[in-house]
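One-letter residues, chain by chain:
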Amino acid sequence: MSERTSALDVLVFGVDIQSGDVRGDSPSYALVVYDGEQVDRDVVSYRKLRRLIERDEPALVATDNMYELAADKDALVHFLRGLPDGTRLVQVTGSERPEPLSRVASRHGVPYGKKPMREAEAAARLAAMNVGHEVTAFTDTTRVKVARGRSTGKGGWSEDRFTRRIHGSVKETARKVESEIRSAGLEYEREVTEKYGGYSNAIFEVTARPGDIPVSARRSGDVRIEIDRLRRDGIEFEPLVKRRDHVIVGIDPGTTTAVALTDLDGTLLDVWSTRTADTADVIEWIIERGRPIIVAADVTPMPETVEKIRRSFDAASWTPERDLPIDEKQHRTREENYDNDHQRDAMAAAFFAFDGHEDQFQRIARKVPAGMSRGDVTARVVAGEESVESVVADLSEDPEPEEEQSEHTVRELSAEEKRIKQLESQVERLQSHTDDLRETVEEKDERIDELEGDLSDAKREERENVRARREISRLQRENNRLEDELDDRDETIEELTGKLARLKELWKLDHSNFSDVAEKKAGLVAVKPIDKFTNDAIDAAHESYGLAEDDVIFLRDASGAGRSTAQRLADIDPRVILKAGGISNVADDVLFDHGVPVGPASDVTIQEIDELAVAQESEVEAVIDDWRDRAEDRRKEEKTEQLDQLISEHRAERRADERRSSSSSSSSSSFGN
């Protein structure tokens, strides 16, 4: 493999314009389909190219110039909008200032030819090696809009009801969409426009691509759902590989695998250890962080696992002359932080490998001209065993164009050149024989192409079978999900059926039918519970089942009520209030003054199911009768107290009058004397 790791197990389309112009009516394209092993070639029209992209959904569509697929920026945005969600457009020659395709292909060791089919194949192979930049006009944020699917109309007898129904449908659909997005664990922002009866629209900006959102665009009756990725300000380029610095890799394999990376100056970049990742995960972790020049181990010979990773990068190897002692590894890593001994050993391997190549790195750096990548030169010198001068010369110049064959003009030869003519004749005969051999080779190549075509058809059929199996698996998962939902609903139905049975038993209370209840032969009365003697609890009870005159009310907690709360309950004018616990004097006085009977709930057998309750009429009447007796006694006591108070006041007034009269008599006697 080259310095970039091939993106295997993905489908890549390489495209180059074959004839015509994208600004014309009917351009044709050289198309190469590459899956990491097999190459399929074809010449297709622009429309067929779009159909193939939509059908096969390749991971990458690679080209050396994005404007071979679109006439201008607007057309390019339209092309990008039409790509499947999992397909990316890649310009393998760079970003705003692309390089010649010949230079990029030569740098990465990819076969190149000037014919469109060869250029398309080179683009496909380069993209499969993660070379190039993704062309993008959209962000990773998707706008999901739930809106009215029809106009609310103008006037009419039923306009209000019609408008309310539409807005209610939009609101209900928006809630379902929000629930799906939240269930998928996606971040989003919501903006709604409230209208009469619900929403006129709701917009969700979701941080995800459309394919990751469990909602699809549709239009149905009153509601429509639109899905659109947010546009960038212009066309942007993102490298397929975010960070590809040249690095030195130290690996300590085993039950716990540790990996350490340093740059070409010996600075530690990253260290990682794992007990669960396999070799492929380790390789992927390295790929995300750099391009290995050297892969090192702290023991000799190099362990098989480390050697396998080294070969996957085609990097140079480094091992010590003997296993590194622990004290030397501890000393070399003393200035670094690590979590375990495995990370220490991996760091030591990378550091000692750098020490062994430090002088070579410095010599290479001195010979690399300004503007040229030191890492690229160092990689080819160390891993490819090339000379610095040849690498610098190769990277400084474009590949020379293919030489054109010119016709040989026969001229009159001198006597001194006759021998040369004989030799040339002999060469021509040999060349003729070579041509015959070439024809034989071409016939075999045609047969090979035919067999490769058959193999491509077989692979295409296998890919279709794989897609079919994936669809079957998806449908099976969906079926399992629906079966789970059905089981949950069955459980809910069973629970509600049991609750209904209990309600029936509660209302029947051993009576033969409901007519006894209806005719009050069963002696039952409905009871309406209120959790606390507060305004909020009264509001909640009134909202749930309504509170009205002559109701039997059950206060689960009668404490804490004030005058206004008691006054509110008294205004309802209930038949009786059954209380649990004590009641404040203020509330008791208010209820007594309004003639509302209050009695202890413990004197009545109340049977409850959820928010429903009933009690025996006779027990309720007994509580009311008891309250009436107590109320009569209380009124008598109050009248007695009032009478005593009047008598006391009358006596006090008489004593005051007597004192005033006595005082007046005394004054008169004194005046006479």
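Up top is the structure.
Everything numeric in this text was worked out from a predicted model, so none of it was measured. (Residues numbered from 1 in each chain as written. Predicted model: local features only at pLDDT ≥ 70, side-chain atom pairs only at ≥ 80, totals over all residues. Heavy atoms only, no water.)

(A) Here's a closer look at the overall build of the chain. Counting its secondary structure elements, the chain contains 17 helices and 21 strands. Taken across its 673 residues, the chain has 37% of its residues classed as buried. Approximately 40600 Å² of the chain is accessible, and the part contributed by carbon and sulfur atoms is 45%. (Helix = DSSP H or I, 4+ residues; strand = E, 2+ residues; numbered from the N terminus. Buried < 20%, exposed > 50% of the residue type's maximum accessible area, 1.4 Å probe, protein only. Areas by Shrake-Rupley, 256 points an atom, 1.4 Å probe, with all protein chains shown as cover.)

(B) Here's a closer look at the environment of A147. Relative to the helices and strands, A147 resides in strand β6 (residues 133–148). Residue class for A147 comes out buried when judged on its relative accessible area of 4%. Separated by 54 residues in sequence, A147 and N201 place their C-alpha atoms 4.2 Å apart. Sequence-distant contacts of A147, that is, excluding residues within four places in its chain, are made with V170, S200, N201, D222, V223 and R224. (Contact = heavy atoms within 4.5 Å.)

(C) Structural context of helix α9 (residues 341–367). In this model, α9 (27 residues) spans 39 Å end to end at C-alpha, consistent with the 39 Å of a helix rising 1.5 Å per residue. Considering bend angle alone, the principal kink of α9 is centred on H357 and spans about 55 degrees. Where α9 begins, the capping side chain belongs to N340, and its oxygen is found 3.1 Å from the backbone nitrogen of H342. (Expected span 1.5 Å × (residues − 1). Bend = angle between axes of the 7 residues up to and from the residue. Polar contact = N/O pair within 3.5 Å; in protein donor to acceptor, adjacent residues only side chain to side chain.)

(D) Local environment of a positive patch on the surface. A cluster of like positive charges, contributed by R651, R654, R655 and R659, occupies part of the molecular surface. Looking at where R654 falls in the secondary structure, it is placed in helix α17 (residues 617–672). Here R654 falls in the partly exposed class, since its relative accessible area comes to 49%. (Patch = residues over 30% accessible without salt bridge, like charges linked within 9 Å, V, L, I, M, F, W, Y side chains within 5 Å. Salt bridge = Lys/Arg side-chain N within 4 Å of Asp/Glu carboxyl O. Lys, Arg positive; Asp, Glu negative; His and termini not counted. Charge placed at Lys NZ, Arg CZ, Asp CG, Glu CD.)

(E) Just unusual backbone geometry, in detail. In the segment running from T300 into P301, the intervening peptide bond is cis, with an omega of 0 degrees. Mapped onto the secondary structure, P301 falls in the loop between β14 (291–296) and α7 (304–313). At E57, a position not held by glycine, the phi torsion is positive, near 50 degrees. Turning to its location among the elements, E57 is positioned in the loop between α1 (46–56) and β4 (60–63). We note that D550 has phi near 70 degrees; this positive angle belongs to a residue other than glycine.

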